[in-house]
Amino acid sequence: AHHEHGLGSVSHTDLHDHSPTGVSCEAITAKETGGPTRSFDMTAARTTLQLDNGQTVEAWTFNGSAPGPELRVIEGDRVVVTLHNKDIKEGITLHWHGINVPCSQDGVAGVTQDAVHPGEQFTYTFIASAPGTYWYHSHQMSSVQAKKGLLGSIIVEPRESAATLSPAKEVNALYQRLDSSLLLNGSSKGLDVPAQAGEQVRLRLTNGDNETMNFSVDGAPFQIIAMDGRDLHEPGLLKDVTVPVGAGGRYDLLIRLPESGKVIVRNQSFEGLSMTLGSGSMPERADARTMFSFAEYGTPQEGDPLPTLKPDRNFVLKLGQSLFVKTINGHAFHEIPPMSVKEGELVSITLVHEGGGDHPFHIHGHTFRVMSRNGLPLKGSPIYLDTLLLKNGESYEVQLKADNPGLWMAHCHNLGHASLGMTMMMNYE
Ligand code: C2O
Ligand code: CU
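This structure is a prediction, so every number in the text was calculated from the model and none was measured. (Residues numbered from 1 in each chain as written. Chains lettered and ligands numbered in written order. Predicted model: local features only at pLDDT ≥ 70, side-chain atom pairs only at ≥ 80, totals over all residues.)

Trainee: Please provide a residue-by-residue account of the overall build of the chain, values included.
Mentor: Within the chain, the secondary structure is distributed over 3 helices and 32 strands. Compactness check: the chain gives a C-alpha radius of gyration of 21 Å against a globular reference of 22 Å for 429 residues, within 12% of the reference. The buried share of the chain, taken over its 429 residues, is 45%. Once local pairs closer than 6 in sequence are excluded, the contacts in the chain between residues at least 24 apart make up 77%. (Helix = DSSP H or I, 4+ residues; strand = E, 2+ residues; numbered from the N terminus. Rg over C-alpha atoms; globule rule 2.2 N^0.38 Å. Buried ≥ 20, exposed ≤ 12 C-beta atoms within 10 Å, placed from the backbone. Contact = placed C-beta atoms within 7 Å.)

Trainee: Run through the sheet that holds strand β29 (residues 387-390), naming residues and quoting values.
Mentor: Here we have 5 strands laid out as an open sheet, ordered β23-β32-β31-β25-β29, and mixed in their pairing. In this open sheet, the two edge strands, each paired with only one partner strand, are β23 (339-341) and β29. Shown here is a sheet whose adjacent strand axes are inclined to one another by a mean of 20°, direction ignored. Pairing between β23 and strand β32 (residues 423-428): 3 bridges, direction parallel. Paired with methionine 339 across the two strands is methionine 426, which belongs to β32. (Pairing = 2+ DSSP bridges. Axes fitted to C-alpha atoms, helices over the stretch in contact; angles between N-to-C directions.)

Trainee: Kindly report on the pairing of β32, identifying the contributing residues and their values.
Mentor: Judged by how many residues are buried, β32 sits mostly within the fold: 5 of 6 residues are covered. The pairing of strand β31 (residues 407-412) with β32 spans 5 bridges and is antiparallel. When the sheet's bridge partners are listed, alanine 410 is paired in β32 with methionine 424.

Trainee: How would you explain the sheet that holds strand β17 (residues 250-256) if you had to name every residue and give the values?
Mentor: Taking strand neighbours across the sheet as the criterion, the 6 strands line up as β10-β9-β12-β17-β14-β15 in an open arrangement whose pairing is mixed. Of all strands in the sheet, those bounded by a partner on one side alone are β10 (181-184) and β15 (230-231). In this structure, strand β14 (residues 222-227) lies alongside β17, joined through 5 bridges in antiparallel fashion. Paired with phenylalanine 222 across the strands is isoleucine 255, a residue of β17.

Trainee: Before we move on, can you summarise the nonpolar core with the specific residues and values?
Mentor: Residues Ile255, Leu277 and Leu388 are the most contacted members of the largest nonpolar core, which totals 107 residues. The element contributing the most residues to this core is β31, with 5 residues. Not counting the four nearest positions on each side in its chain, isoleucine 255 is found in contact with Val201, Leu203, Val217, Ala220, Phe222, Val263 and Leu277. (Core = buried A, V, L, I, M, F, W, Y, C linked by C-beta atoms within 7 Å.)

Trainee: So what about the domain arrangement of the chain? Which residues, and what values?
Mentor: What the domain assignment lists for the chain is domain 1 (37-161), domain 2 (166-292) and domain 3 (306-428). On a C-alpha basis, the centroid separation for the pair domain 1 and domain 3 is 24 Å. On the side of domain 3, 15 residues touch domain 1, which itself brings 9 residues to the contact. By residue class, the composition of the side of domain 1 that touches domain 3 is 4 nonpolar, 4 polar and 1 charged. (Domains from an automatic or database assignment. Nonpolar A, V, L, I, M, F, W, Y, C, P; charged D, E, K, R; others polar.)

Trainee: Tell me about unusual backbone geometry, and please be specific about residues and values.
Mentor: In terms of backbone geometry, most residues other than glycine have negative phi values and most peptide bonds are trans. The omega torsion of the bond from alanine 66 to proline 67 falls at 5°, within 30 degrees of zero and hence cis. Tracing the sequence through the fold places proline 67 in the loop between β2 (56-62) and β3 (71-74). Of note, asparagine 63 is a non-glycine position whose phi angle comes to about 50°, a positive value. The partly exposed category is assigned to asparagine 63, around which 15 C-beta atoms lie within 10 Å. We note that methionine 141 has phi near 45°; this positive angle belongs to a residue other than glycine. Looking at the secondary structure, you find methionine 141 in the loop between β7 (132-137) and α1 (142-148).

Trainee: Any details on the UniProt feature "domain: Plastocyanin-like" (unreviewed entry) in the chain? Residues and values, ideally.
Mentor: As annotated by UniProt and renumbered to match this structure, "domain: Plastocyanin-like" (unreviewed entry) occupies residues 46-160 and 321-427. As annotated, residues 46-160 comprises 6% helix and 41% strand, and the C-alpha atoms at either end are separated by 39 Å. The straight-line gap between the two end C-alpha atoms of residues 321-427 is 24 Å; of that span, 5% is helix and 51% is strand. (UniProt positions renumbered as here; feature names shortened; annotations may be inferred.)

Trainee: How would you sum up the confidence of the model for the chain? Please name residues and give values.
Mentor: Across the chain, the average pLDDT comes to 90, with 90% of residues at or above 70. Below a pLDDT of 50 lies the segment residues 15-31, which in the model reaches 43 contacts outside its immediate sequence neighbourhood of four places, other chains included. (pLDDT = per-residue confidence, 0-100.)

And the structure:
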């Protein structure tokens, strides 16, 4: 075991050897689905990168770039990724953010595996069972290593897509903070997407930074068709709304280009990193914008049983802060008792924001359903997430089915907050 502390009084190194219960994960349980195997090799190395804003960054890269390669697979594929560490002495891992892999493949250093040290390798195997927009990042001292560049996109395409759905042009847009530079797909400049009038563009937005990003769309109404990779049910057209994407979260937008003119997808927080779709005249900038809320977006699914089921377990997690730490129920992670659940249980978790900035709360290994916001049941589409953005004063009830045994992390995806204590475990008894 290797200790690499130095993050302040709370020595969070993604729970190096701090497994509170000593429970370890089960061996690989990826079941065969008959899908083909897709193999990747990823080599992490220290690299000097020249950014297009003139900066030179001592980055840590996968296969020479930051972000690392975009991994594309198809639903049902067996994904095999061999991670090599060339020379990053702190050790590294790969965590598949949002993909419900077997616990042994979850890539949390000190919990599900030891960090991979220089000259070593580790092979991850899992089934890409659900289509969607996901990402990967090292989960060894995440708050440091994500900013060094050890992250990238993994897209799981639906098996049925090509023939049956109307084709949409796809654009992947991954935001990351590399050292002090905010980048979009590795560039400090905005993205220009050539597209024809009338064409549909599916924009996969991933926030790999630690702060919430606000987006708006000028020039065309649009739909939010997926959140955290999971499709929404009958999402309606939106106009003049601001869409807040929390750290770690993903939003897929579907935009149809108007007959004349372009569409600007504005990153309100960093205007220089906006996206321009199509060509022609500049659209007008909408000024009156309301904040998008998924609580009433889309339509409910008929015959949806979940809202009426009684949970087997109920937890309340209050996200806040005290002097030097970010806390859950008043404690920093060493002192936070794990949520203990039994396999098969329906688990209710009420998350309460009690100060300290935005808290995008992420749960490993499980997709949760958002049941209510500020005490009011959701009225629109069922919303399934892996990372829920909580803003000042908000509270949400989420539910999940404990169907993926192991010892799982749950933490704020402002990784600075996570390293300052807002981290805990969910454990199967
Ligand atoms: Cu995206 Cu525990 O991480
Ligand atoms: Cu936080």
